[in-house]
Amino acid sequence: RLHGGLGRVREHCIVVSQIERRAIVGINQQRADHQSRGAPELDGMRMIHGAVMTTWFALFLVQARLVATGRTDLHRKVGTAGIVVAAMVVGMGT
């Protein structure tokens, strides 16, 4: 059992997921600002990078929410998909 009990783990996961959500919103706003200034379109590799990293952040948010709501059984199952996404992140060199 983790020090501080499951309640502290849930609290931590909620806080971290809120930080992640704000980061994603900030990235989207930055991209919109970039486009509004007439920046060139993103090439294919950057689009793939964005998709992989968005998937990584989304998976993290889902995992944190599952733990926060006590669904550790589903958290473990979804974690298996995390292995594939993690390999993609490493493969992208990010």
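Residues numbered from 1 in each chain as written. Predicted model: local features only at pLDDT ≥ 70, side-chain atom pairs only at ≥ 80, totals over all residues. Heavy atoms only, no water.

Colleague: I keep staring at the confidence of the model for the chain and nothing clicks. Help me out?
Modeller: One rule of thumb: low pLDDT means the predicted coordinates there are not for detailed reading. Mean pLDDT over the chain: 78, with 82% of residues reaching 70 or higher. Of all secondary-structure elements in the chain, the lowest mean pLDDT belongs to helix H1 (residues 5-36), at 71, while helix H3 (residues 72-92) reaches the highest, 89. (pLDDT = per-residue confidence, 0-100. Helix = DSSP H or I, 4+ residues; strand = E, 2+ residues; numbered from the N terminus.)

Colleague: Could you clarify how one ought to interpret helix H2 (residues 44-68) in this entry?
Modeller: Every α-helical turn comprises 3.6 residues, leaving residues that sit three or four positions apart pointing alike. Over its 25 residues, H2 runs 36 Å from end to end, which matches the ideal 36 Å to within 8%, given 1.5 Å per residue. Every buried residue belonging to H2 is among Val52, Met53, Leu59, Gln63, Ala64, Leu66, Val67 and Ala68, and all of these are buried. The first or second residue beyond H2 is Gly70, which carries a positive phi of 80 degrees. (Expected span 1.5 Å × (residues − 1). Buried < 20%, exposed > 50% of the residue type's maximum accessible area, 1.4 Å probe, protein only.)

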